[in-house]
Amino acid sequence: MISRKVISLGSRTITSLILCATFVFSLAFVDWSDLTPHGGGATMLEVMLREIISLELSSEFVKVSLRASFITLSYALCSISLAIIFGLIGGILASGGLFSGFLAKVLGISLFRALLAILRSIHELIWAWLIAVSLGFSPISGVIALAIPYGAILARVYADFLNDVPQAPLSALRSSGASSFQTMLYGRLPQAAREMFSYGFYRFECCVRSASVLSFIGLQGLGYQIGVSLDDLKFGEVWTLLAFLIGLIVLIDYWGSLLRRSLS
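Here the structure is a predicted model, which is why all the values come from computation and not from measurement.

(A) Structural view of the pattern of salt bridges. This model, assessed by the stated rule, comprises 2 salt bridges. Here aspartate 160 ties to arginine 113 by a salt bridge, and the two come within 3.5 Å at their closest N and O atoms. Of this pair, aspartate 160 sits in helix α6 (residues 139–163) while arginine 113 sits in helix α4 (residues 102–121), and the two are 47 residues apart along the sequence. Judged by relative accessible area, which is 18%, arginine 113 ranks as buried. Among the ionic pairs, aspartate 160 bridges to arginine 156, the shortest N-O distance being 2.8 Å. Taken as a pair, aspartate 160 and arginine 156 lie in helix α6 at a separation of 4 residues, close to a single helical turn. With a relative accessible area of 29%, aspartate 160 lands in the partly exposed category. The class of arginine 156 is partly exposed, set by a relative accessible area of 23%. Each of Arg113, Arg156 and Asp160 takes part in one network of salt bridges that share partners.

And the structure:
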């Protein structure tokens, strides 16, 4: 036991040293001349910061902000719902729990995890452009663009949750004659459900932020309104919209905490 802890500590130390050395080495390739501030940057920053204390809180703009928040939340909810379905199916397949033979399990896990790695390595903005070319610049393009990478991320993490469950209940099910599918349905999924639910809610928060920046393909939510206000240099409106976005994230986090407590 002690030797394992020593090995683990040594591995973490070596990994940390490699990461630090890589960071220091990468600094040599940075073009520091690009960090020269813009001539009017300081003045513009001062104007932006000064507008924090003069938020746009007129009844008309508050209604606009509430509508934009609702649109952003709706698109994020649609996207994460699709992503959870995709993530659940992909996680089950990538966990290898449905494969019985050793070779079939190795090939299945390798194939599905490689596919998930490809899907999640492409950013949702790139997915948005690719999908918009075929489906047009519409809200459905944004929903699908968010669902694909988030579903792949959920599937990858769900697969680990399913693999990390205690083995004793699974062995009991197998000894009673349960199939691989039954073992997954009645053994792995119930044990991993709480962790999967918790992580899904975290990804929901991230999806709200992502939905707010996909305004260029038709998601006219908070991101769209922020872009309009920035074009008009109305920073008071920008800070108000950002406050609504933060409020959405806090609300979702609180909602998730209540649901997690109810499941514990």
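(B) Expanded view of the state of the cysteines. A complete count under the given rule lists 0 disulfides for this structure. Summary of cysteine pairing: cysteine 78 is not part of a disulfide, and the nearest cysteine sulfur, belonging to cysteine 207, is at 9.6 Å. Residue class for cysteine 78 comes out partly exposed when judged on its relative accessible area of 41%. Its sulfur unpaired, cysteine 207 is 8.6 Å from the next cysteine sulfur, which belongs to cysteine 206. On the accessibility criterion, cysteine 207 (0% relative accessible area) is buried.

Definitions and cut-offs
Residues numbered from 1 in each chain as written. Predicted model: local features only at pLDDT ≥ 70, side-chain atom pairs only at ≥ 80, totals over all residues. Heavy atoms only, no water. Salt bridge = Lys/Arg side-chain N within 4 Å of Asp/Glu carboxyl O. Helix = DSSP H or I, 4+ residues; strand = E, 2+ residues; numbered from the N terminus. Buried < 20%, exposed > 50% of the residue type's maximum accessible area, 1.4 Å probe, protein only. Disulfide = S-S within 2.5 Å.

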